[in-house]
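A look at the structure
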Number of protein chains: 2
Amino acid sequence: MDELLSWRREFPILERTIYLVSHSLGAMPRATYERLQAYADAWATRGVRAWAEGWWEMPLTVGDLVAQIIGAPPGTVVMHQNVSLCQSIILSCFEPQGKRNKIVYSELEFPSVIYVYEAHARDGRFRLVRVPSDDGITVQLERMLEAIDEETLLVPISHVLFKSSALQDVQAITRRAHEVGALVILDTYQSAGTIPFSVQELDVDFATGGSVKWLCGGPGAAYLYVHPRWHDLEPKVTGWMAHAEPFAFALPPMRYAQGIARFLHGSPAIPALYAAQSGYEIISRIGVEKIRAKSIKQTEMLIRLAEERGFKVNTPRRAEERGGTVTIDVEHGAAVTRELLRREIIVDYRPGAGIRISPHFYTADEELEIAMRELERIVSTRAYAEEAMGADFRF
Amino acid sequence: MDELLSWRREFPILERTIYLVSHSLGAMPRATYERLQAYADAWATRGVRAWAEGWWEMPLTVGDLVAQIIGAPPGTVVMHQNVSLCQSIILSCFEPQGKRNKIVYSELEFPSVIYVYEAHARDGRFRLVRVPSDDGITVQLERMLEAIDEETLLVPISHVLFKSSALQDVQAITRRAHEVGALVILDTYQSAGTIPFSVQELDVDFATGGSVKWLCGGPGAAYLYVHPRWHDLEPKVTGWMAHAEPFAFALPPMRYAQGIARFLHGSPAIPALYAAQSGYEIISRIGVEKIRAKSIKQTEMLIRLAEERGFKVNTPRRAEERGGTVTIDVEHGAAVTRELLRREIIVDYRPGAGIRISPHFYTADEELEIAMRELERIVSTRAYAEEAMGADFRF
């Protein structure tokens, strides 16, 4: 008996679909309706007083909720709109110092993050060093470690790679980075909520991620963790919320707030922060350890079901090297994915990787069997629209 | 008979308070409840498909709604979280070129905006030139014009100054800036929704503002207008939404989208964009010309009521030099404001300026009379908490 299935009733979409896409957009908790109503009620009854009654502090108080999930101490996490912006804020704290101007990343990083570094490297102030992957699934640890040297300033890495769901050895990379004086920025977007970890134990310098995926918090609520040893940095991407006394409306120069608040900028996206909380609370109540135990069981099952059918699996076989998703590479994957969607089996497709399928704590084993049976049927009968065969897949 | 008062029933807070703080947080339209429910319904029933069914395009489609209010052509406005970030995005398009490295601003700008420029000027690459004000109410036009020279790169100015509600001569400043090859970034936060204008007619290079105030859209929905002549810029604060083919997940270098989409970054704050729309629609339906006509009448009335009581008014007397707010400077203004709030008369206070009082299209003349009568009573009876006398006022 799978006790986690009792949570199914909290997620309306599970009544209508086989929802296997939590690596992209996690299912919405029913309680999100109430949160959004609470937001509107505060605005409609308290008006401008809502700011002093909680809104102004929300990027910090909601950040503390995320902190519990990612093993961060209170007062070390702030909320922002998305990870790309978090990375811009982090990078804006740094100037290249002499030869220390290298940013080392792997070619399997989420590109959005690297676009930020590339844009800032264009004028020659930073150098970008790309570590290649042989198979598109993993990046050889040795290659990452070799690329990190005394000239390295920042190492932005993903905890779990978005296409293949491969888990990276964060501890080894962080140890190497710190040995040579480089800093690690960990993207935990694809791990928080499905892989138990602690940013404190991993000893990374920064961590960032969003709520769209395993945290079931929806868009607009990304988090930025900054290790307390970096609470004296001065981000250039800034604004009045980062000021020590924002309501003094003081002229420049900027006087930064103490602690994590200095990593804020202008006014927050309050409704997104309201909407995100129900997901965090459910994840916290269940506990990520339990979610992970079930995830390992179900991703193993998916891999077995795929291999029985002769499908290529682009995800590591060993549970300890794998996140919450199984990527299955079939011919005409984009078109097959569209047909699965038409049949209310919700998955997605990434070029160069395949169909991404994700159970979460609310998934029943039976749903995985149905999904794989339908996938097999679609492939064997070629029951997908020919005109869609070459098309990209959006979300 | 004031036909605009028929809109009162659309704003729940007007049943409970005398709401005179639309320069800070505009009243929430009742329809915002439905918008937020529509957001949750899309997530709860369509799941990840909601992105392809409208969410992904929302920063542009909602931007087009704002464009109608600020006189911008379609396809020139994108939505972001707040103005400070918009300014970071704009600045990230530029490098100082030789001697052209000056950023000219007035000391009455909203400080959050200038914190961004100051932070980027710290390493000496940009120079900040501050134009002083004699009276804290206006900035002498001549001084602004003199400060703008051939070494000037950017001129960030407010259309309406946040403390005094003075209207600036944008056309004169823009003409001068363009004569010498400088660019103008217009902050229309305190004008959009209460002052009719067109960014096209004003010929500014960029405009930005948010929805928290006169637009009645709430937090998290700021807009960035970029004149089409600058649609070839390449912001360094960026992300996958700014990419020509975001769903190709291509490695760097970044390939920017054509047009306004290149000024996006990572994923948008969807619930904030849903919430903001009802306000835009109401403003558009009424028309800003009508709102302005009523605003001039009611701000004149407020000034008269204040002067009759011997209060100092820190807002220009001439309607054509004034935005939608009247700032009244009384002794112990912060404490007096708290007492007004306790009596459900919702205004705010800014140090160095005074109590800010704003009628909007939904305000009844009678409410202004009541507010001024209460203000007079509180001042004459000193009916405010002594312990609050020196305190700052938040929001």
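Our structure's up above, just so we're on the same page.
Residues numbered from 1 in each chain as written. Chains lettered and ligands numbered in written order. Predicted model: local features only at pLDDT ≥ 70, side-chain atom pairs only at ≥ 80, totals over all residues. Heavy atoms only, no water.

Considering empty space enclosed by the protein
This is how the line gets drawn: We place a 1 Å grid over just the protein atoms. Points where a 1.4 Å probe fits but has no way out form a cavity, open points with protein on both sides within 12 Å along at least 5 of 7 lines form a pocket, and any residue with an atom within 4 Å of a point lines it. Grid points are joined across faces, edges and corners, and a volume is the space filled by probe spheres set on the points. Strands here are runs of E lasting at least two residues and helices are runs of H or I lasting at least four, both read from the DSSP assignment and numbered beginning at the N terminus. Three classes are used: nonpolar for Ala, Val, Leu, Ile, Met, Phe, Trp, Tyr, Cys and Pro, charged for Asp, Glu, Lys and Arg, and polar for all others, with Gly counted as polar.
Enumeration over the complete set of coordinates arrives at 10 cavities of 30 Å³ or more. Here the largest cavity defines a volume of roughly 400 Å³. Lining the largest cavity we find 31 residues, and of these A:Trp240, A:Ser267, B:Phe110, B:Tyr189 and B:Lys213 sit closest to its centre. Those elements that place two or more of their residues in the lining of the largest cavity are α4 (83-91) and α5 (111-121) of chain B. Partitioning the lining of the largest cavity into residue classes produces 15 nonpolar, 12 polar and 4 charged.

Comments concerning the sheet that holds strand β4 (residues 127-131) of chain A
Residues and elements named next belong to chain A. For the record, the criterion: Paired strands, as defined in this entry, are two strands with at least two bridges between them according to DSSP. Think of each axis as a best-fit line through the C-alpha atoms, taken over the contacting stretch in the case of a helix, with angles from 0 to 180 degrees between the N-to-C directions.
With mixed pairing, 7 strands are arranged side by side in an open sheet as β2-β8-β7-β6-β5-β3-β4. Single-partner strands in this sheet number two, and they are β2 (77-80) and β4. Strand after strand, the sheet turns through a mean of 20° between neighbouring axes, direction not considered. Direction of pairing for strand β3 (residues 102-106) relative to strand β5 (residues 152-158): parallel, over a ladder of 2 bridges. Following the sheet pairing, lysine 102 is matched in β5 by threonine 152.

Here we look at the pattern of salt bridges
Put simply, the rule reads: We define a salt bridge as a side-chain nitrogen of Lys or Arg found within 4 Å of a carboxyl oxygen belonging to Asp or Glu. Exposure categories follow from relative accessible area, calculated using a 1.4 Å probe and restricted to protein chains: below 20% of the type maximum is buried, above 50% is exposed, and the middle band is partly exposed.
Following the criterion strictly, the structure yields 62 salt bridges over all chains and no others. Between A:Glu281 and A:Arg35 there is a salt bridge whose closest N-O contact spans 2.7 Å. Taken together, the positions of A:Glu281 in helix α9 (residues 270-286) and A:Arg35 in helix α1 (residues 31-46) put the pair 246 residues apart, joining distant regions of the chain. We classify A:Glu281 as partly exposed; its relative accessible area is 34%. A salt bridge links B:Glu245 to B:Arg255, with the nearest nitrogen and oxygen atoms 2.7 Å apart. Highlighted residues: B:Glu245 in the loop between β8 (222-226) and α9 (270-286) and B:Arg255 in the loop between β8 and α9, separated in sequence by 10 residues.

Side note on the nonpolar core
Note the threshold: Working definition of a nonpolar core: buried Ala, Val, Leu, Ile, Met, Phe, Trp, Tyr and Cys residues. They are joined through side-chain atoms within 4.5 Å. Here, residues are in contact when the closest pair of their heavy atoms is within 4.5 Å.
Core analysis: the biggest nonpolar cluster contains 238 residues, and A:Trp55 and B:Trp55 have the highest contact counts within it. Those residues within four positions of A:Trp55 in sequence are excluded, and the remaining contacts are A:Tyr39, A:Ala42, A:Trp43, A:Ala50, A:Pro268, A:Ile270, A:Tyr274, B:Leu25 and B:Pro219.

Digging into the side chain of A:Thr299
The topology assignment puts A:Thr299 in helix α10 (residues 288-308). When near neighbours in sequence (up to four residues on either side) are disregarded, A:Thr299 contacts A:Arg322, A:Gly323, A:Gly324, A:Thr325, A:Val326 and A:Pro359.

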